[in-house]
Amino acid sequence: MIPIDFNRHRRLRSSAKLRKLVRETTLQIEDLIYPLFAFHGTGKEEISSMPGVYHFGLDELRREVQELAELGISAVLLFGVPNHKDHLSSEAYHAEGIVQQAIRAIKQEVPDMVVITDVCLCAYNPDGHCGIVKDGVIENDSSLELIARTALSHVQAGADIVAPSDMMDGRIAAIRHVLDEAGYTQTPIMSYSVKYASSFYGPFRDAADSAPAFGDRKTYQMDPANRLEALREAQSDQEEGADFLMVKPAMAYMDVIRELRDSFDLPIVSYNVSGEYSMIKAASANGWVDEEAIVLELLTGLKRAGSDLIITYFAKDAARNLKQGR
Ligand code: PBG
């Protein structure tokens, strides 16, 4: 043996007991938020690009939230697939719209389930854009009123938290104002603060039938190359009254999650999006990766990066594994 000094890092890894004792990050079921898609009608349909993820009619939605509650999942993020699209996105804020009906169904079934609603216009208008389109331009200021009206109608239907994903400037201020005026001063806003114009949303757009009819979302969603801009977006949202800050997508943006965690004291949420889900599903279906292990590693990584909460289509699988103590 060569007589040299060195540190023995392996000492703390020498047994499962010791590794558990010094583990820095723990993933808990309470950290997970499960996305749900509701449609008018009955039954459920698997989304072809997202195996294991379904569109739910209201009857099946009720069954699904019972199952989520049994698994210990305490929060869902709700999306609607409307019957009707028009230029004013009117089903988005209709009292009998799909999201409003789904909120009431979930609350009837599992009153304690925290219902977070995605607030956006893209699935509700034929342009497939997140704001109002005039002469080929996605207008900012005229979109704010409809977005705030949508948020209010979700809260009136019983939503616990609203999550605007449209990326219009000023939407947090507009929603906060409208909710406060209506007396909903206690309803939090979870802002999709840092939302990149990402190719990882592909499978979701099939699921929600919300792909843009022309152009792309690059005039409102962020350039994946930018980090400082993420801080500016988050800063504005905090000033305007956001209660949670979100980073989306998650896997290619772990540095941004960490940066937000270190720069703000609001809860940080990361969204492990559809493309991230489908890639792992596809690799696992081919037998190329161990899905169960890879999912827990990924979600633990997102927590280590600074996420307090994780929105993920893997929430049910992860909850089952966590329950079994894996
Ligand atoms: C709506 C919205 C999108 C997602 C969440 N809300 C799509 C988009 O912005 O194009 C993506 C979710 C996912 O990919 O899982 N604006």
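What comes next is a walk through the structure. (Residues numbered from 1 in each chain as written. Predicted model: local features only at pLDDT ≥ 70, side-chain atom pairs only at ≥ 80, totals over all residues. Heavy atoms only, no water.)

### As for the site of the ligand
- Neighbouring the ligand are 18 residues, the closest being Lys-195, Arg-205, Lys-248, Ser-274 and Tyr-313.
- In this structure, Lys-195 approaches the ligand through a side-chain N or O atom, which is 2.7 Å from an oxygen atom. (Near = heavy atom within 4 Å. Polar contact = N/O pair within 3.5 Å; in protein donor to acceptor, adjacent residues only side chain to side chain.)

### Here's the deal with helix H11 (residues 315-323)
- Taken together, the buried positions of H11 are Ala-315, Lys-316, Ala-318, Ala-319, Asn-321 and Leu-322.
- On the buried face of H11, the contacting elements are strand E1 (32-39), helix H2 (58-71), helix H10 (291-304) and strand E12 (309-312).
- Positive backbone phi, at 75°, marks Gly-325, one or two positions downstream of H11. (Buried < 20%, exposed > 50% of the residue type's maximum accessible area, 1.4 Å probe, protein only. Helix = DSSP H or I, 4+ residues; strand = E, 2+ residues; numbered from the N terminus. Contact = heavy atoms within 4.5 Å.)

### Some remarks on the packing of H2 against H11
- Put simply, H2 and H11 touch, their axes get as near as 10 Å, and they point 30° apart. By the angle between their directions, the pair H2 and H11 is classed as roughly parallel. The element H2 and its partner H11 pack so that their crossing is left-handed. Here Glu-64, Glu-67, Leu-68, Glu-70 and Leu-71 of H2 come into contact with H11, specifically with Lys-316, Ala-319, Arg-320 and Lys-323.
- Residue composition of the contact of H2 with H11, by class: three nonpolar, no polar and six charged. (Axes fitted to C-alpha atoms, helices over the stretch in contact; angles between N-to-C directions. Parallel < 35°, antiparallel > 145°, perpendicular 65-115°, else oblique. Left-handed = near helix turned anticlockwise from the far one by under 90°. Nonpolar A, V, L, I, M, F, W, Y, C, P; charged D, E, K, R; others polar.)

### Overview of a positive patch on the surface
- A cluster of basic side chains, namely Arg-8, Arg-10, Arg-11 and Arg-13, defines a positive patch on the protein surface.
- According to the relative accessible area criterion, Arg-10 is exposed, its value standing at 68%. (Patch = residues over 30% accessible without salt bridge, like charges linked within 9 Å, V, L, I, M, F, W, Y side chains within 5 Å. Areas by Shrake-Rupley, 256 points an atom, 1.4 Å probe, with all protein chains shown as cover. Salt bridge = Lys/Arg side-chain N within 4 Å of Asp/Glu carboxyl O. Lys, Arg positive; Asp, Glu negative; His and termini not counted. Charge placed at Lys NZ, Arg CZ, Asp CG, Glu CD.)

### Regarding the layout of surface pockets
- Computed from the structure, the second largest pocket encloses a volume of approximately 160 Å³.
- Taken together, 13 residues form the lining of the second largest pocket, with Met-167, Asp-169, Thr-219, Tyr-220 and Gln-221 sitting closest to its centre.
- Its residues placed into classes, the lining of the second largest pocket shows five nonpolar, three polar and five charged. (1 Å grid on protein atoms, 1.4 Å probe; cavity = no way out; pocket = protein on both sides within 12 Å on 5 of 7 lines; lining within 4 Å. Points joined across faces, edges and corners; volume = space filled by probe spheres on them.)

### So, the pairing of E12
- Here E12 shows a buried face lined by Leu-309 and Ile-311 and a second buried face lined by Ile-310 and Thr-312.
- Across two bridges, the pairing between E1 and E12 is parallel. Directly across from Leu-32, in E12, lies its bridge partner Ile-310.
- Here four bridges tie strand E11 (residues 268-272) to E12, and the two strands are oriented parallel to one another. (Pairing = 2+ DSSP bridges.)

### A short note on the environment of Ala-319
- Note on placement: Ala-319 falls in helix H11.
- Relative accessible area serves as the criterion here: at 0%, Ala-319 is assigned to the buried category.
- Excluding anything up to four places from it in sequence, Ala-319 contacts Ile-29, Leu-32, Leu-71 and Ile-73.

### Topic: the side chain of Thr-25
- Along the chain, Thr-25 turns up in the loop between helix H1 (16-21) and E1.
- Ignoring anything within four residues of it in the chain, the contact list for Thr-25 reads Thr-300, Lys-303 and Arg-304.

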